[in-house]
Amino acid sequence: QVQLVESGGGLVQAGGSLRLSCEASGSIFRVVAMGWYRQAPGKERELVARTTAGGSTNYADSVKGRFTISRLNAKNTVYLQMDSLTPEDTAVYYCNLMGYTSYDVPGDEYWGQGTQVTVSS
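Because the structure is a prediction, the values reported are computed rather than measured. (Residues numbered from 1 in each chain as written. Predicted model: local features only at pLDDT ≥ 70, side-chain atom pairs only at ≥ 80, totals over all residues. Heavy atoms only, no water.)

Topic: the side chain of arginine 71
Now for step 1: Its place among the elements puts arginine 71 in strand β7 (residues 67-72).
Now for step 2: Despite being buried, arginine 71 has no salt bridge partner; glutamate 23 is the closest side chain of opposite charge, sitting 11 Å away.
Now for step 3: For arginine 71, the contacting residues outside a window of four places in its chain are Val31, Met34, Thr51, Thr52, Ala53, Asn76, Thr77 and Val78. (Helix = DSSP H or I, 4+ residues; strand = E, 2+ residues; numbered from the N terminus. Buried < 20%, exposed > 50% of the residue type's maximum accessible area, 1.4 Å probe, protein only. Lys, Arg positive; Asp, Glu negative; His and termini not counted. Salt bridge = Lys/Arg side-chain N within 4 Å of Asp/Glu carboxyl O. Contact = heavy atoms within 4.5 Å.)

Here's the deal with unusual backbone geometry
Now for step 1: The backbone phi angle of asparagine 76 is positive, close to 45°, even though this residue is not glycine.
Now for step 2: The topology assignment puts asparagine 76 in the loop between β7 and β8 (77-82).
Now for step 3: Of note in the backbone geometry, serine 84 takes a positive phi value of approximately 50° without being a glycine.
Now for step 4: Relative to the helices and strands, serine 84 is located in the loop between β8 and β9 (91-100).
Now for step 5: The exposure class assigned to serine 84 is partly exposed, which follows from its relative accessible area of 40%.

Some thoughts on the packing of aromatic side chains
Now for step 1: Using the criterion set out here, one finds 1 aromatic pair in the structure.
Now for step 2: Here tyrosine 37 and tryptophan 111 contribute two aromatic rings whose centre-to-centre distance is 5.0 Å and whose plane-to-plane angle is 70°, an arrangement assigned as edge-to-face. In this pair, tyrosine 37 is assigned in strand β4 (residues 30-39) and tryptophan 111 in strand β10 (residues 108-111), connecting sequence segments 74 residues apart.
Now for step 3: In this structure, arginine 45 is placed above the aromatic ring of tyrosine 94, and the distance from its NZ or CZ to the ring centre is 3.7 Å.
Now for step 4: The ring of tryptophan 111 has arginine 45 lying over it, and the distance from NZ or CZ to the ring centre is 4.6 Å. (Phe/Tyr/Trp six-rings, centres within 6.5 Å; stacked < 30°, edge-to-face > 60°. Lys NZ or Arg CZ within 6 Å of the ring centre and 35° of its normal.)

So, in structure tokens, the structure goes:
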């Protein structure tokens with residue numbers, strides 16, 4: 001089993017910054033990618049940013065230039081630095097891991113419990 005524990009959400013004023021952290025633990029054999037998704041009220045969950053084991057990253061157009069994803073491979077930890085926040089960034093942010101728990105089982109994806117980010121105007 002794989003567990004993802006997120007931290008760092010909260011309330012911030014527009015223009016401010018927050019840093020989210022997510023640490024993965026459990027039976028992790030190989031990580032393919034780790035990333036962040038978000039879901040605002042009444043909207044579908046969407047990809048915010050993702051980083052692969054090879055080091056490539058991709059971002060939603062709405063956060064490019066403002067958010068930065070980074071990963072500490074040795075600890076299976078991923079961070080999301082969020083700058084120049086706007087009220088439109090308000091959502092529950094979920095950590096995601098895609099990978100394998102063993103060499104002989106199919107890959108799967110895992111989710112954290114979510115952390116609330118609220119940006120006031």
